[in-house]
Amino acid sequence: MKLQKATAFALYAVLELAAEPGRQRTAVEIADKYGISAHHLAKVLRDLGRAGLVDAVRGVGGGYRFAGNAKRLTLMDVIRLFEETSAEADEPVPPGEDQDIAAGLRFVLAELDAQIGATLRSISLSTMLKLVARRPWESVAEIKPARRAQAARRAR
Amino acid sequence: MARRSTTPTPQESDEDLIIRSATLADVAGVIALDEEVTGLLKPQYWRELFEHFGARRRDQRFFLVAGDPGRIDGFIIGEVRAWEFGSPPSGWVFAVQVRPRLRVRGLGSRLFAAVRARFRAAGVERVRTMVARDNAVIHAFFRSQGMMAGPFIELEMRLD
Ligand SMILES: CC(C)(COP(=O)(O)OP(=O)(O)OC[C@H]1O[C@@H](n2cnc3c(N)ncnc32)[C@H](O)[C@@H]1OP(=O)(O)O)[C@@H](O)C(=O)NCCC(=O)NCCS
């Protein structure tokens, strides 16, 4: 699964802010850290503000502060503000003869969607921050050097 | 215990609740707690489970409880499973429950930590479990403990 840009930016911002709930940060500070467009991030932060996940702090030295409950807000709660995950869409199978292959494929893909939805709903922001602190990707990288080399070759 | 006569505050921790292996005297309390949580009274099921997990092979099977025999506040059940589907021996957790009034104050985490310590002492390196996809609370709980998807996929079909 690949997240759209705005969704990834929203997750960076929300998690950065949730990591230090009292502290306010500007769009520029966060954008600089991730090397992303401050203009785009500012727009995303406004959307997050409208959804009540962050508070805008006005005035000199203003910025944004986390306003949610990190133990209850899940990755899905953030993602669904910016994109449709198909697990949510629940498209009906179009009626009609000779559509069995399409229906069968949709049936198999729905399996994946259900998995994606359950995973994203089970990981709260605080669980995500704990995961980041553990850096589990490092031990995965040790197990799969071949895969990494392959990916690096493809990237070249 | 005076502590229980007042409504617990969210700040209060349950660090004074001892986690220990279940005895036969605890089974009635487990049955009552399960009935409170699930709304189903299943005495036979829990007695058999205790027979299997609490009474035999106690170096490999763990039935841990918190609370007094008459009043169980939480429990967790697990066992070491060896070479299932080619996997090296690993710990399996297949039941955990905390009294609703005492939830979100760390008891579930302590029960899980206690069973992990038993698994480690039994010489295994991993702990596994299975959750219902639509049970968000139990899924979020195990995720918060650091669990991730494992290398197995659960499959099933209807027998007709
Ligand atoms: C799952 C359960 C054991 C958790 O027990 P608990 O004592 O509340 O757990 P803890 O207080 O240690 O909570 C640990 C984490 O779980 C997560 N969690 C617990 N309850 C949650 C809820 N209602 N919603 C979302 N996350 C929750 C939180 O991330 C919490 O994080 P924290 O450590 O940052 O506070 C308890 O809710 C329970 O008994 N539920 C019913 C169990 C059940 O359905 N069993 C059937 C299958 S055996």
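Preceding block: the structure.
A brief structural summary. (Residues numbered from 1 in each chain as written. Chains lettered and ligands numbered in written order. Predicted model: local features only at pLDDT ≥ 70, side-chain atom pairs only at ≥ 80, totals over all residues. Heavy atoms only, no water.)

1. A short note on the interface of chain B and chain A
Inclusion rule: Should any heavy atoms of two residues lie within 4.5 Å, those residues are counted as being in contact. A 1.4 Å probe defines the accessible area here, and the buried area is the portion of it lost by two parts on being joined, summed over both. Salt bridges are identified by distance alone: a Lys or Arg side-chain nitrogen within 4 Å of an Asp or Glu carboxyl oxygen. Any pair of N or O atoms that falls within 3.5 Å is considered a polar contact. Within protein, one atom must be able to donate a hydrogen and the other to accept it, and sequence-neighbouring residues count only if both atoms are side-chain atoms.
At the junction of the two partners, chain B supplies 8 residues and chain A supplies 12 residues. Taken over both partners, the interface formed by chain B and chain A buries close to 860 Å², and the fraction arising from carbon and sulfur atoms is 56%. Of all residues in chain B, Arg133, Arg143 and Ser144 of chain B give up the largest surface area on contact with chain A, accounting jointly for 55% of the area buried on that side. At the boundary of chain B and chain A, one finds 0 salt bridges. One can count 4 residue pairs in polar contact (both at pLDDT 80 or more) joining chain B with chain A.

2. Focus on unusual backbone geometry
Residue and element names in this part refer to chain B. This is how it is decided: Only DSSP runs of H or I covering at least 4 residues are called helices, and only runs of E covering at least 2 are called strands; the numbering of each starts at the N terminus. Categorising residues by exposure relies on relative accessible area from a 1.4 Å probe, with only protein chains included: less than 20% of the type maximum marks a residue as buried, more than 50% marks it as exposed, and the intermediate range marks it as partly exposed.
Backbone geometry at Arg57 places phi at a positive 45 degrees, although glycine is not the residue there. With a phi close to 50 degrees, Phe85 is a non-glycine residue in the positive phi region. Mapped onto the fold, Phe85 is located in the loop between strand S3 (71-81) and strand S4 (90-98). Taking relative accessible area as the criterion, Phe85 reaches 72% and is therefore assigned exposed.

3. Some remarks on the site of the ligand
Quick reminder of the rule: Proximity is defined per residue: any heavy atom of the residue falling within 4 Å of a molecule or strand makes that residue near it. For the accessible areas, the method is Shrake-Rupley and the probe is 1.4 Å, while residue cover comes only from the protein chains on display. Polarity classes work like this: nonpolar for Ala, Val, Leu, Ile, Met, Phe, Trp, Tyr, Cys and Pro, charged for Asp, Glu, Lys and Arg, and polar for all others, with Gly in that last group.
Surrounding the ligand, one finds 20 residues, the nearest of these being Val98, Val104, Gly106, Gly108 and Ser109 of chain B. Neighbouring residues of the ligand are not confined to one chain but are distributed across chains A and B. A distance of 3.4 Å separates an oxygen atom of the ligand from a polar side-chain atom of Asn135 of chain B. For the ligand, the protein covers 81% of the area, taking 940 Å² as the surface of the free molecule. Those elements that provide at least two residues to the shell around the ligand are S4, helix H3 (107-121) and helix H4 (136-144) of chain B. The greatest single-element share of the shell around the ligand, amounting to 5 residues, is contributed by H4 of chain B. The class makeup of the residues in the shell around the ligand is 9 nonpolar, 7 polar and 4 charged.

4. Notes on the pattern of salt bridges
All names here are of chain A. If you walk through the whole model with that rule in mind, you get 18 salt bridges over all chains. Residues Lys33 and Glu16 are paired through a salt bridge, measuring 2.8 Å at the closest nitrogen-oxygen approach. Residue Lys33 is located in helix H2 (residues 27-34), and its partner Glu16 is located in helix H1 (residues 5-19); the two are separated by 17 residues in the primary sequence. Residue classification places Lys33 among the exposed residues on the basis of a relative accessible area of 54%.

5. Focus: helix H7 (residues 125-134) of chain A
All names here are of chain A. What counts here: In this context, the arc is that of the directions from the helix axis out to the C-beta atoms.
All buried positions along H7 are accounted for by Leu125, Thr127, Met128 and Leu131. An end-on view of H7 places all buried positions within 155 degrees of arc, on one side of the element. One or two positions beyond H7, positive phi appears at Arg135, with a value near 50 degrees.

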